[in-house]
Amino acid sequence: MGRQLPVIGHFPYIHGIGVDSFAFFLEGYRQHGRIFAVRDTFNTFAVLLGPEANRFVLERETPHLSWGAAYGAEGSRVMGPTALALQDGEEHRRRRTPMMSSFRHQNIAAFSDTMVELVRSQTETWKEGQPFDFVGEVSELTFRVACAFLLGVQVGEDYPRFRDIYKKMFRPVGLALQAAGLPYMQRYRDQLGRLSASWIADRRARPREDIISRLLEAGLDDKDVMAQVLMLMFAGHDTTKLSLSWTVATLHQHPEYLKRVLAEQDAVLGDGPITAEAMKSLPVLERAIREANRLYPPVSLARRGVLEEFELGGYTVPKGWMVMYLPRVSHHLPDVFNEPERYDPDRFAAPREEHKQPYAMVEFGGGYRTCIGKELALFEAKVVLSYLLRMFSFELVPGQRIEAGNSGAMTSPKNGVKVIVKRTGRRVPMEKAA
Ligand code: HEM
């Protein structure tokens, strides 16, 4: 029988209310090592940090640890009870397997022209010399990309309605109302239900190479398909927005590294089109994206419900507790990453390859339920940044404080990322036209 875990903090530290949770958990690691506990009104959480502890969380399935027991109550009110991220065991596999085929490399690669077209049309209206918040702009862009990839481009016609309903349901207050089970959002859910019913009817009549068709083929009913669509939009769009925003912010805070990224763009792409093939040859840019994801992982906290008591590091974690793993804190452990506070994308290059230790980098989770959109998100980041960095030069608006806020489970820049752009005068031809 293991010892009892030290409980070192309470509600505000878990939910990031008025305190710096990141600093708190990092200090917890310094004092107590890779496992300790915190408590809020309803739950006690065992906090697991570092590669070994991450492996433990990410490789355990039911009957030990459960996604459903962690996210089920609130998540099912927001997305629907059958959403993939709320399922365990066979029910999870039954839904994840058909989705995986849509996230195949060849489907993602075939999407590069659409991504370029979306970023081109989104940036056409950008005004030189006028400051704007990059996070807000890129939020719109990643929503469009997710919509096009997940739902098919012809959703274009329904796009403004879908965007409007989604925004109302998923803004922080809408989410909180739904998660609390309050009925205020029901009319938006009904509108969304009608919209997705029309997409589903269309795919039943004319199956396509998209996720809705795959899920229907797998025998999911209409409500189940809608739950997956909502979950994928939710999981896929804000995360990608944050990854792009932090990459642009950190690159422009480090002009020497930015120069190398631009030189790589010239050497690999020149004035040619952005192709899926070329995206494989951008290691300098790729390392900048990874370093931003290390310092500011979009998902900063994830949890599981404990269904069976277990022992770890000499401590007992009882049934009924939760466990949490914290990507941002784990990415800042000095015994894993050299000078973890320092922006140093070359840490990912040979011979250092600091990320090679399994489960050191967990920005996309890991194990059997690693993020289903990982390849899409990394590809999108490379395509969008290749376009933006060739078409525009960016300046961070002087005097702003770009810093991570405490917004629950996400690492968001709390004051946004204000930029000023200038057109470089270059063009990016479309692949098909080139
Ligand atoms: C930079 C962008 C992204 C980041 C940082 C990210 C991060 C993560 C993380 C950390 C997890 C694991 C959560 C846990 O262990 O509790 C996860 C799971 C997941 N992600 Fe992502 N994600 C990104 C983009 C996407 C995209 C583009 C999609 C889909 C369009 C997506 C869909 C999902 C889904 C469905 C799961 C749950 C998988 C399952 O239950 O089997 N993500 N993601």
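Above this text sits the structure in question.
My aim in this report is to walk through the structure given alongside it, one point at a time. (Residues numbered from 1 in each chain as written. Predicted model: local features only at pLDDT ≥ 70, side-chain atom pairs only at ≥ 80, totals over all residues. Heavy atoms only, no water.)

Just one protein atom coordinates the iron atom of the ligand, and that atom is Cys371 (SG), at 2.3 Å. Residue placement: cysteine 371 occurs in the loop between helix H17 (327–330) and helix H18 (374–391). (Donors = N, O, S within 2.8 Å, 3.2 Å for Na, K, Ca; no water. Helix = DSSP H or I, 4+ residues; strand = E, 2+ residues; numbered from the N terminus.)

Strand order in the open sheet formed by six strands is E1-E2-E3-E9-E6-E4, with mixed pairing between adjacent strands. Only two strands of the sheet have a single neighbouring strand rather than two, namely strand E1 (7–9) and strand E4 (65–66). Relative to strand E9 (residues 322–325), strand E3 (residues 44–48) runs parallel, the two sharing four bridges. If you follow valine 47 over to E9, its bridge partner there is methionine 324. Those strands touched by helix H2 (residues 21–32) are E1, strand E2 (35–39), E3 and E9, and its axis lies near 135° from that of E2. (Pairing = 2+ DSSP bridges. Contact = heavy atoms within 4.5 Å. Axes fitted to C-alpha atoms, helices over the stretch in contact; angles between N-to-C directions.)

Our focus in this paragraph is the packing of helix H14 (residues 255–268) against helix H16 (residues 283–295). At their nearest, the axes of H14 and H16 sit 8 Å apart, and the two run at 140° to each other. The angle between H14 and H16 falls in the class oblique. Across the interface between the two elements, Tyr257, Arg260, Val261, Glu264 and Gln265 from H14 touch Pro283, Val284, Leu285, Arg287 and Ala288 from H16. A breakdown of the residues in the contact of H14 with H16 according to their chemical character gives six nonpolar, one polar and three charged. (Parallel < 35°, antiparallel > 145°, perpendicular 65-115°, else oblique. Nonpolar A, V, L, I, M, F, W, Y, C, P; charged D, E, K, R; others polar.)

Inspection of the region around the ligand gives 27 residues, with His92, Arg96, Arg304, Tyr325 and Cys371 positioned closest. The contact in question runs from an oxygen atom of the ligand to an N or O atom on the side chain of tyrosine 71, over 3.1 Å. Contributing elements (two or more residues each) for the shell around the ligand: helix H5 (89–102), helix H13 (222–253) and strand E6 (302–306). Broken down by element, the shell around the ligand gets its largest block of residues, seven residues, from H13. (Near = heavy atom within 4 Å. Polar contact = N/O pair within 3.5 Å; in protein donor to acceptor, adjacent residues only side chain to side chain.)

To continue, consider the nonpolar core. Ranked by size, the top nonpolar core spans 96 residues in total, and within it Phe134, Leu150, Phe162, Leu388 and Phe394 carry the most contacts. Leave out the neighbours within four places in its chain, and leucine 388 touches Val119, Thr123, Trp126, Phe134 and Phe394. Ile14, Tyr29, Phe45 and Val336 belong to the second largest nonpolar core, which has 23 residues in total. (Core = buried A, V, L, I, M, F, W, Y, C linked by side-chain atoms within 4.5 Å. Buried < 20%, exposed > 50% of the residue type's maximum accessible area, 1.4 Å probe, protein only.)

Before going further, it helps to examine the packing of H13 against H14. The packing of two helices is summarised by the inter-axis angle and the distance between the axes. One can describe the packing of H13 onto H14 by two numbers: an axis separation of 5 Å at closest approach and a directional angle of 110°. Judged on the interaxial angle alone, H14 and H13 are roughly perpendicular. Residues Leu251, His252 and Gln253 of H13 touch H14, and the partners they reach there are Pro255, Tyr257, Leu258 and Val261. Its residues assigned to classes, the contact of H13 with H14 shows five nonpolar, two polar and no charged.

Our next topic: H14. Taking 1.5 Å per residue as the helical rise, H14 with its 14 residues ought to reach 20 Å, and the 20 Å between its terminal C-alpha atoms agrees with that figure. For H14, the full list of buried residues reads Tyr257, Leu258, Val261, Glu264 and Gln265. The buried residues of H14 occupy an angular sector of 115° when projected down its axis, which confines them to one face. The exposed residues of H14 that point more than 90 degrees off its buried face are Glu256, Lys259 and Ala267. Buried positions along H14 lie against H13, H16 and H18. (Expected span 1.5 Å × (residues − 1). Arc of directions from axis to C-beta.)

This part covers the state of the cysteines. For the structure shown, the criterion picks out zero disulfides. Left unpaired, cysteine 147 is separated from the closest cysteine sulfur, that of cysteine 371, by 18 Å. For cysteine 147, a relative accessible area of 3% puts it in the buried group. Residue class for cysteine 371 comes out partly exposed when judged on its relative accessible area of 32%. (Disulfide = S-S within 2.5 Å.)

Our next topic: the packing of aromatic side chains. With the rule as written, the count across this model stands at 21 aromatic pairs. Pairing tryptophan 126 with phenylalanine 134 gives two aromatic rings, centres 6.5 Å apart and planes at 70°, and the pair type is edge-to-face. Ring centres of phenylalanine 170 and phenylalanine 234 lie 5.2 Å apart, and the angle between their planes is 40°; on these two criteria the pair is classed as tilted. One end of the pair, phenylalanine 170, is in helix H9 (residues 159–170); the other, phenylalanine 234, is in helix H13, and 64 residues separate them in sequence. By the ring-pair criterion, three or more aromatic residues cluster together here, those being Phe143, Tyr159, Phe162, Tyr166, Phe170, Trp199 and Phe234. Here arginine 163 stacks its cationic end above the ring of phenylalanine 143, 4.2 Å away from the centre of that ring. Of note, arginine 328 hangs over the ring of phenylalanine 22, and the distance from its end group to the ring centre comes to 3.8 Å. (Phe/Tyr/Trp six-rings, centres within 6.5 Å; stacked < 30°, edge-to-face > 60°. Lys NZ or Arg CZ within 6 Å of the ring centre and 35° of its normal.)

A cis amide bond links alanine 350 to the next residue, proline 351, at an omega of 5°. On the secondary structure map, proline 351 appears in the loop between H17 and H18. One non-glycine residue, glutamate 353, lies in the positive phi region at around 40°. Its place among the elements puts glutamate 353 in the loop between H17 and H18.

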